[in-house]
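Fold and contact review
Residues per chain are reported as follows:
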Amino acid sequence: MRFILPLSITLLLLSVTLGLFATPLQSAPTGSIGTSFEGRDIVFYRFGEGERSIVVYGGIHGGYEWNTIWLSHELITYYLENGDSLPGNISLYIIPCLNPDGLARVDGRGDCAGTDFANFDYSFEESKKGRFNARGVDLNRNWDARWQPKSMWQNQEVSAGGAPFSEPETRSLRDFVQRFEARLVISYHSAANGIYYSGKHEQWEPVRRLARAYEESSCYPIPRSGTGLVGYRITGASGGYFYSQSIPEITVELAGRSSPEFERNLSGLQAVIDFIASE
């Protein structure tokens, strides 16, 4: 008597044989660093098992800086396919969207993985509302670094929250970075076209040399003495907080708002990874 497998089992065996399950399993987030104010998971992906941790994140300004989320997903895709290129002593954590509620205000869902950024339909004016979290707070003004209840963005006053770390998104990132004792944090923004690093005014050497390595490989400029990326005073920013905790942070401002600028950022990221691996 010929034994016939049920169709479901046949398809399962065929899928395993052909490796059809590899991509979904590999592309699933490693975990969540916490949830947004509206309860959306803030997911992260981990590559490598080394003792030297690097944390990369995009989308702190949600749908307004949507191409930083796109860039983060391009980097995730790259390391899913080329994870063995990481030095053995490195663990790379990528958080594609720190502000999923801000993304939801523009794309209607806040599903970072499900948004087709290559065909993202946005207008500059419409995307501005996606800069803030669901409570209307600018998350890069909510850190314990010269914090004030009101801060500036361009020529307008913005809310920095009720207190430093009043927002679940900033608390989640703070705790995640400290948990893994990150050697470096990289924050992607758009679109001031340049690099800022924590402790820049003091020429803090532990991060200055990393910023220079990123600059040389990516060709984003570091503003020289007496100049900055923006022409107004920022309070409550993440870089100032991480500097107070002796944690290097590099802020990379993309040159435009319509592209992930993947190749140059991959080059810059690889440069600092190799630098930290060789220290």
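Parameters at a glance
- Residues numbered from 1 in each chain as written.
- Predicted model: local features only at pLDDT ≥ 70, side-chain atom pairs only at ≥ 80, totals over all residues.
- Heavy atoms only, no water.
- Salt bridge = Lys/Arg side-chain N within 4 Å of Asp/Glu carboxyl O.
- Helix = DSSP H or I, 4+ residues; strand = E, 2+ residues; numbered from the N terminus.
- Buried < 20%, exposed > 50% of the residue type's maximum accessible area, 1.4 Å probe, protein only.
- Phe/Tyr/Trp six-rings, centres within 6.5 Å; stacked < 30°, edge-to-face > 60°.
- Lys NZ or Arg CZ within 6 Å of the ring centre and 35° of its normal.
- Core = buried A, V, L, I, M, F, W, Y, C linked by side-chain atoms within 4.5 Å.
- Contact = heavy atoms within 4.5 Å.
- Polar contact = N/O pair within 3.5 Å; in protein donor to acceptor, adjacent residues only side chain to side chain.
- Expected span 1.5 Å × (residues − 1).

The next subject is the pattern of salt bridges. Taken as a whole and assessed by the stated rule, the structure comprises 10 salt bridges. Among the salt bridges present, the one from Arg40 reaches Glu38, with a minimum N-O distance of 2.6 Å. Here Glu167 makes a salt bridge to Arg135, at a shortest N to O gap of 2.7 Å. Of this pair, Glu167 sits in the loop between β6 (156-159) and α6 (168-179) while Arg135 is found in the loop between α5 (124-127) and β5 (150-153), placing the two residues 32 residues apart along the sequence. The class for Glu167 is buried, based on a relative accessible area of 0%.

Attention now goes to the packing of aromatic side chains. In this structure the tally under the stated criterion is 20 aromatic pairs. Taken together, a centroid distance of 6.1 Å and an interplanar angle of 50° make the contact between Phe44 and Tyr93 tilted. Here Phe44 is found in strand β2 (residues 41-47), whereas its partner Tyr93 is found in strand β4 (residues 90-95), with 49 residues between them in sequence. Neither residue differs from the other here; Phe44 and Tyr93 are each classed as buried. Put simply, the rings of Phe44, Tyr93, Phe176 and Phe180 touch in pairs and so form one group of aromatic residues. Directly above the ring of Phe165 sits Arg174, whose terminal nitrogen or CZ lies 4.5 Å from the centroid. A cation over a ring is seen here: Arg264 above Tyr220, with NZ or CZ 3.8 Å from the ring centre.

A few words on the nonpolar core. One recurring pattern in soluble globular proteins is that nonpolar side chains are buried together. One finds Tyr79, Leu92, Ile186, Tyr188, Ile250, Leu269 and Val272 to be the most contacted residues of the largest nonpolar core, which totals 35 residues. No other element matches the 7 residues that helix α9 (residues 262-278) contributes to this core. If near-sequence neighbours (up to four positions away) are discounted, Val272 is found in contact with Leu184, Ile186, Leu210, Ala213, Tyr214 and Ile250. Core analysis: the second largest hydrophobic core is formed by 22 residues, Ile33, Phe44, Tyr57 and Tyr93 among them.

Now for unusual backbone geometry. The omega angle of the peptide bond from Ser190 to Ala191 is 10°, so this bond is cis rather than trans. Counting through the fold element by element, Ala191 comes out in the loop between β7 (184-190) and β8 (194-197). With a phi close to 55°, Gln154 is a non-glycine residue in the positive phi region. Position of Gln154 among the secondary structure elements: in the loop between β5 and β6. The residue Ser246 is not glycine, and still its phi comes out positive at about 60°. Within the secondary structure, Ser246 is located in the loop between α8 (238-244) and β9 (249-254).

For the rest of this paragraph, the subject is the side chain of Glu261. Along the chain, Glu261 turns up in the loop between β9 and α9. Overall, Glu261 belongs to the buried group, its relative accessible area being 13%. Within the structure, Glu261 has its side chain in polar contact with the backbone nitrogen of Gly256 (distance 2.9 Å). When near neighbours in sequence (up to four residues on either side) are disregarded, Glu261 contacts Leu71, Tyr220, Leu254, Ala255 and Gly256.

Over its 14 residues, helix α7 (residues 205-218) runs 20 Å from end to end, which matches the ideal 20 Å to within 8%, given 1.5 Å per residue. Those residues of α7 that sit buried are Val207, Leu210, Ala211, Ala213, Tyr214, Glu215 and Ser218. At its buried positions, α7 is contacted by β7, β8, β9 and α9. Directly beyond the C-terminal end of α7, a positive phi value near 70° is found at Cys219.

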